[in-house]
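Structural characterization, general
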Amino acid sequence: MLSKEFESRWEEYRAAVERQLDKSLSISNEPYAVVIEAMRYSTLGAGKRLRATLCLEFCRLSCGSFERALPFAAALEMVHAYSLIHDDLPCMDDDDLRRGKPSCHIRFGEANALLAGDALLTHAFAAALEGSAGVGYERAVQAALKIARCAGADGMIGGQVMDLAAEEHPELEDKLLHQLHQLKTGALIRASCEVGALVGGASEKDIRLSGDFAAGLGLAFQIVDDILDVTVDEKTLGKPSGSDQASGKTTYVTRFGIERARSMAQDSIRRAKAVIAQFPADVCFLTALCDMVLERDH
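Residues numbered from 1 in each chain as written. Predicted model: local features only at pLDDT ≥ 70, side-chain atom pairs only at ≥ 80, totals over all residues. Heavy atoms only, no water.

Before going further, it helps to examine the overall build of the chain. Regarding its fold elements, the chain presents 16 helices and two strands. Taking 2.2 N^0.38 as the reference for a compact globule, 298 residues should give roughly 19 Å; the C-alpha atoms of the chain span a radius of gyration of 18 Å, in line with that estimate. Across the 298 residues of the chain, 52% fall into the buried class. Here the analysis covers contacts within the chain between residues at least 6 apart in sequence; of these, 74% occur between residues at least 24 apart. (Helix = DSSP H or I, 4+ residues; strand = E, 2+ residues; numbered from the N terminus. Rg over C-alpha atoms; globule rule 2.2 N^0.38 Å. Buried < 20%, exposed > 50% of the residue type's maximum accessible area, 1.4 Å probe, protein only. Contact = heavy atoms within 4.5 Å.)

The structure is reproduced here in structure tokens:
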């Protein structure tokens, strides 16, 4: 059972990020307004805001306030939304449902969905840097660079390439399965934690701790995702269930079975908690967030 204090802070973060996104992705009357509508459709009013929450909390832990990280938290959510738009395209996972509603390409057409994803990725960096006055030039540039690296070929994109290749070669070695998900899912979660600590003024040691924490949390998040894909119905998930098995992908469940996969997720969360206990601040919110990731049902 999550505490009221945890839920209150999570909701505060969600509301602040929603306002930031709404402001940044303002409604347009331009002839190209359909792409703005598609960007808003795929970004606003849905999702757990896990990445933004991690960014804001690490900033708060580092400097006592989360507001200076808001532009970067919103940017991370834009990058995440872009990745989901492209994941759902017919050339990728070909999913018609996302977050309980039609995928972007079903609602706006494939071409507009592709452009909306491209626009979100580009706009994320503009929005982050335009709002970085209180961060300082050097740290703002370092934060943008972390997001770029974690979202690119050596991060999220590299993981997606490996994921597509796994459909043709489903029997992945354990090492490659771990690498795939550390890149596809874990890289942006790592960026969220490190960027929050960075813009909050944390030391190099604490930035490294935030990244080590993210590695454990991100792996657990992915393993739980794999479990939910085979144990929860489509309505609860808000996206097609059983899609990984249908496409013949190797997951932690297909590789190790549900019970061992669940045990692996628990071990990963224990490692994350052990790391974050070294952070020089009250980390009760983050330990509760770990429990939430482990116990979530969608």
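Counted under the stated rule, the structure contains nine aromatic pairs. With a centroid separation of 4.6 Å and an interplanar angle of 25°, the aromatic rings of Phe6 and Phe285 are classed as stacked. Within this pair, whereas Phe6 is found in helix H1 (residues 4–24), its partner Phe285 is found in helix H16 (residues 284–295), the two being separated by 279 residues in sequence. Taken individually, Phe6 and Phe285 each receive the classification buried, so the pair is uniform in this respect. Joined through ring pairs, the aromatic side chains of Phe6, Trp10, Tyr13, Phe66 and Phe285 make up one cluster. One cation-aromatic arrangement involves Arg51 over Phe221; the distance from NZ or CZ to the ring centre is 5.8 Å. Cation over ring: Arg107 sits above Tyr41, and NZ or CZ is 5.9 Å from the ring centre. (Phe/Tyr/Trp six-rings, centres within 6.5 Å; stacked < 30°, edge-to-face > 60°. Lys NZ or Arg CZ within 6 Å of the ring centre and 35° of its normal.)

Here the focus is the packing of helix H10 (residues 186–199) against helix H11 (residues 204–231). Viewed as axis vectors pointing N to C, H10 and H11 meet at an angle of 155°, and their least axial separation amounts to 8 Å. Classified by the angle between their axes, H10 and H11 sit roughly antiparallel to one another. Taken as a pair, H10 and H11 cross one another with a handedness that is right-handed. Seen from H10, the contacting residues are Ile189, Arg190, Cys193, Glu194, Ala197 and Leu198; seen from H11, they are Ile207, Ser210, Gly211, Asp212, Phe213, Ala214, Ala215, Leu217, Gly218 and Phe221. Tallied by class, the residues present in the contact of H10 with H11 amount to 10 nonpolar, three polar and three charged. (Axes fitted to C-alpha atoms, helices over the stretch in contact; angles between N-to-C directions. Parallel < 35°, antiparallel > 145°, perpendicular 65-115°, else oblique. Left-handed = near helix turned anticlockwise from the far one by under 90°. Nonpolar A, V, L, I, M, F, W, Y, C, P; charged D, E, K, R; others polar.)

What follows deals with helix H4 (residues 70–88). An ideal rise of 1.5 Å per residue puts 27 Å on 19 residues; H4 measures up with 27 Å between its terminal C-alpha atoms. Among the 19 residues of H4, 19 are classified as buried, and the element is accordingly described as predominantly covered. (Expected span 1.5 Å × (residues − 1).)

Within the structure shown, the criterion is met by one cavity of 30 Å³ or more. Taken together, 13 residues line the largest cavity, and the ones lying closest to its centre are Tyr41, Ser42, Arg98, Arg99 and Lys101. Of all the elements in the fold, those that place two or more residues in the lining of the largest cavity are helix H2 (33–43), H4 and strand E2 (101–102). Looking at side-chain class alone, the lining of the largest cavity contains seven nonpolar, two polar and four charged residues. (1 Å grid on protein atoms, 1.4 Å probe; cavity = no way out; pocket = protein on both sides within 12 Å on 5 of 7 lines; lining within 4 Å. Points joined across faces, edges and corners; volume = space filled by probe spheres on them.)

The next subject is the side chain of Lys184. Considering the arrangement of structural elements, one finds Lys184 in helix H9 (residues 174–184). A distance of 2.8 Å separates the side chain of Lys184 from the side chain of Asp163, its partner in a polar contact. Setting aside residues up to four positions removed in sequence, Lys184 forms contacts with Asp87, Gly155, Met156, Gly159, Gln160 and Asp163. (Polar contact = N/O pair within 3.5 Å; in protein donor to acceptor, adjacent residues only side chain to side chain.)

Membership of the largest hydrophobic core comes to 95 residues, with the highest contact counts inside it found for Leu54, Phe58, Phe72, Phe213, Leu217 and Leu289. A per-element tally of this core places H11 first, with 12 residues. (Core = buried A, V, L, I, M, F, W, Y, C linked by side-chain atoms within 4.5 Å.)

With respect to the helices, strands and loops of the structure, Phe108 is situated in helix H5 (residues 104–108). Along the sequence, Phe108 and Ala38 sit 70 residues apart, while their C-alpha atoms lie 6.7 Å from each other. In this structure, Phe108 is in contact with Val34, Glu37, Ala38 and Tyr41, ignoring residues within four places of it in sequence.

When the charged atoms of two side chains with opposite charge come close together, those side chains can pair. In total, this model carries 17 salt bridges according to the counting rule given. Arg190 is the partner of Glu194 in a salt bridge, and the nearest nitrogen-oxygen pair spans 3.1 Å. With a gap of four residues between them, Glu194 and Arg190 both fall in helix H10, about one helical turn apart. Looking at Arg190, the relative accessible area reads 30%, which means it is partly exposed. Ionic contacts of the salt-bridge type, sharing partners, join the residues Glu5, Arg9, Glu57 and Arg60 into one network. (Salt bridge = Lys/Arg side-chain N within 4 Å of Asp/Glu carboxyl O.)

Its 21 residues place the ends of helix H6 (residues 110–130) 30 Å apart at the C-alpha level, agreeing with the 30 Å of an ideal helix rising 1.5 Å per residue. Turning to H6, its buried residues are Ala113, Ala116, Gly117, Leu120, Ala124, Ala127 and Ala128. The inward-facing, buried residues of H6 contact H1, H2, H4 and H5.

On to the environment of Ala81, then. One can find Ala81 in helix H4. Expressed as a C-alpha distance, the spacing of Ala81 and Ile223, which sit 142 residues apart in the sequence, is 21 Å. Ignoring sequence-local partners within four residues, the contact set of Ala81 consists of Ser42, Thr43 and Leu120.

By themselves, these are just geometric observations and shouldn't be taken as functional.
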